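Examination of the molecular architecture
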Amino acid sequence: MNNTITKSIEIIKSDTTKINDVDFDNLGFGKVFTDHMMVCDYKNGSWTEPKIMPFGPITLEPSAKIHYGQSIFEGMKGYKDADGNIMLFRPLDNCKRLNISAERLAMPAIPEDYFMEGLKTLLKIDSDWIPTADGSSLYIRPFMFATGEGFHASPADEYKLIIACSPSGSYFAGKVKVLIEEKYARAANGGVGYAKAGGNYAGQFYPTQLAIEKGYNQVIWTDDSTHEFIEEAGAMNVFMRINDTLITAPTSERILDGITRKSIIEIAKEDGINVEVRKIKVSEIVEAAKNGTLKEIFGAGTAAVISPVAGFGFRGEDFDLPELENPYAAKLKKRITDIQTNKAEDKYGWRVKL
Ligand SMILES: Cc1ncc(COP(=O)(O)O)c(C=O)c1O
């Protein structure tokens, strides 16, 4: 969808600011929200042009068809460099993925121009909220959900798209212990695994809680039919390093096409790392852990960028990963965040300056 904005974006400014109440040294992740949000409404077959409004509660009819789970979202980040330039990382990819999710959930696509221009205007208005400390950023959450009314199990005729922002520190503190899951699955063939549908995450919470009760932090998802192949790590794509080769599963209808994952693949290749995009058998990883060739496991996603794994559990046995002096995880995280924050050349054209 490529509608272009016909008038200047309407801005209703907040009378007050919450910014002075925020402890920017202890932000946590996704806990405080900026003064404004962007809103578009879908009615009578088309989207209203983006509007910037004070961040605040919205009303929803109890009969809104959100009951049926038409709810999708994105996660992206905004940065400010030393000169005060505001930058986004591959934002059009988020917009395109939102529309891929929308199509799968029978929801209307948002015109790219509405998304991009609305987002840029929002970031300029709330630019004082973009943190600059190392590892921090403005986490941006676009989400779209059904607001149209009716109890009939069919797609709604009205939707709302909101973009809200949260100044955030780093997502995970320290290395995580993961459990390779063999009973539950986050996605199935023919399902919605490749979409950022809210229900995918709701379905993950219970198995993740069970893993936490067993002493792990996260779940490694395997394929739903055989549980023989590794697919994702929590809400992240996953990379395994065996000897000096970096391996990640190919994206599929069950795996989210992560923007961090595809960026890491390109950067790692450029750095001369041997990268294999192929199916990864659980038995291969267990064997590599036993014979000492498994060097690293890490998750990759916007929130944490790269989240190193300390060890994993499988069928009641725990395997620790070695402490390396120069892990790929740290090296690749620095490479990607340097590009995101304008500390390094962006030969790929991934950075979008406002
Ligand atoms: C299930 C899942 N896989 C992978 C990712 C990573 O995607 P991205 O790198 O685009 O954030 C995410 C989102 O962060 C996710 O929710």
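Before reading on, note that the structure itself is shown above.
This structure is a prediction, so every number in the text was calculated from the model and none was measured. (Residues numbered from 1 in each chain as written. Predicted model: local features only at pLDDT ≥ 70, side-chain atom pairs only at ≥ 80, totals over all residues. Heavy atoms only, no water.)

When its secondary structure is counted, the protein shows six helices and 20 strands. Relative to the 2.2 N^0.38 estimate, which gives 20 Å for 354 residues, the radius of gyration of the protein is 21 Å and therefore close to what a compact globule would have. A principal-axis box enclosing the C-alpha atoms of the protein has dimensions of 65 × 55 × 35 Å. Of all intrachain contacts in the protein linking residues separated by at least 6 positions in sequence, the fraction that spans at least 24 positions is 73%. (Helix = DSSP H or I, 4+ residues; strand = E, 2+ residues; numbered from the N terminus. Rg over C-alpha atoms; globule rule 2.2 N^0.38 Å. Contact = heavy atoms within 4.5 Å.)

This part is about the packing of helix α4 (residues 259–270) against helix α6 (residues 328–340). Remark: α4 packs on α6, axes separated minimally by 10 Å, with the N-to-C direction vectors making an angle of 110°. On the basis of the axis angle, α4 is roughly perpendicular to α6. In this structure, α4 contributes Thr 260, Ser 263, Ile 264, Ile 267, Ala 268 and Glu 270 to the contact, and α6 contributes Leu 332, Arg 335, Ile 336 and Ile 339. (Axes fitted to C-alpha atoms, helices over the stretch in contact; angles between N-to-C directions. Parallel < 35°, antiparallel > 145°, perpendicular 65-115°, else oblique.)

Across all of its chains, the model carries twelve aromatic pairs by this definition. Each ring, one from Tyr 42 and one from Trp 47, has its centre 5.3 Å from the other, and the planes form 65°; the classification is edge-to-face. Pair check on accessibility: Tyr 42 and Trp 47 agree, each one buried. An aromatic cluster of three or more residues is present, and its members are Tyr 42, Trp 47 and Tyr 159. Above the face of the Tyr 216 ring, Lys 177 is positioned so that its terminal group lies 4.9 Å from the ring centre. Looking at Lys 279, its charged tip hangs above the ring of Phe 229, at a distance of 4.5 Å from the centre. (Phe/Tyr/Trp six-rings, centres within 6.5 Å; stacked < 30°, edge-to-face > 60°. Buried < 20%, exposed > 50% of the residue type's maximum accessible area, 1.4 Å probe, protein only. Lys NZ or Arg CZ within 6 Å of the ring centre and 35° of its normal.)

Formed by 39 residues in total, the largest nonpolar core has its most connected members in Trp 47, Ile 110, Phe 115, Ile 140 and Met 144. Elements with a contribution of two residues or more to this core: β2 (36–43), β7 (86–89), α1 (91–104), α2 (112–125), β8 (137–146) and β9 (159–168). In terms of residue count, α2 provides more of this core than any other element does, six residues in total. In this view, Trp 47 contacts Cys 40, Asp 41, Tyr 42, Pro 108, Ala 109, Ile 110, Pro 111, Tyr 114, Met 144, Tyr 159, Lys 160 and Leu 161; residues no more than four positions away in its chain are not counted. (Core = buried A, V, L, I, M, F, W, Y, C linked by side-chain atoms within 4.5 Å.)

Let us look at the site of the ligand. Not every one of the 15 residues close to the ligand is listed here, only the nearest: Arg 97, Tyr 201, Glu 232, Thr 260 and Thr 302. In this structure, an oxygen atom belonging to the ligand sits 2.8 Å away from a main-chain N or O atom of Ile 259. Within the side chain of Thr 260, an N or O atom sits 2.5 Å from an oxygen atom of the ligand. Its free accessible area being 380 Å², the ligand has 95% of it covered by the protein chains. For the shell around the ligand, the elements supplying multiple residues, two or more each, are β13 (236–242), α4 and β17 (294–301). (Near = heavy atom within 4 Å. Polar contact = N/O pair within 3.5 Å; in protein donor to acceptor, adjacent residues only side chain to side chain. Areas by Shrake-Rupley, 256 points an atom, 1.4 Å probe, with all protein chains shown as cover.)

Inspection of the entire model under this criterion finds 20 salt bridges. Across the salt bridge formed by Arg 254 and Glu 231, the nearest N and O atoms sit 2.6 Å from each other. Here the residue Arg 254 occupies a position in the loop between β14 (245–248) and α4, and Glu 231 occupies one in strand β12 (residues 229–233), the gap between them amounting to 23 residues. Assessed through its relative accessible area of 9%, Glu 231 is described here as buried. Sharing partners across several salt bridges, the network here consists of Glu 270, Asp 271, Arg 335 and Lys 347. (Salt bridge = Lys/Arg side-chain N within 4 Å of Asp/Glu carboxyl O.)

The next thing to look at is the pairing of β2. Across the eight residues of β2, seven count as buried, placing the element largely inside the fold. As paired strands, β2 and strand β4 (residues 51–54) are joined by four bridges and run antiparallel to one another. Bridge pairing in β4 places His 36 opposite Pro 54. Bridge count for β2 against β9 is five bridges, and the pairing is antiparallel. Among the inter-strand pairings, Val 39 is bridged to a residue of β9, identified as Ile 162. (Pairing = 2+ DSSP bridges.)

For strand β6 (residues 76–80), the buried fraction is high: four of the five residues fall into the buried class. Where β6 lies against β8, three bridges are found, and the strand directions are antiparallel. Along β8, the bridge assignment pairs Lys 77 with Tyr 139. As paired elements, β6 and β7 share three bridges and run antiparallel to each other. In the sheet register, Lys 80 faces β7, and the bridge partner there is Ile 86.

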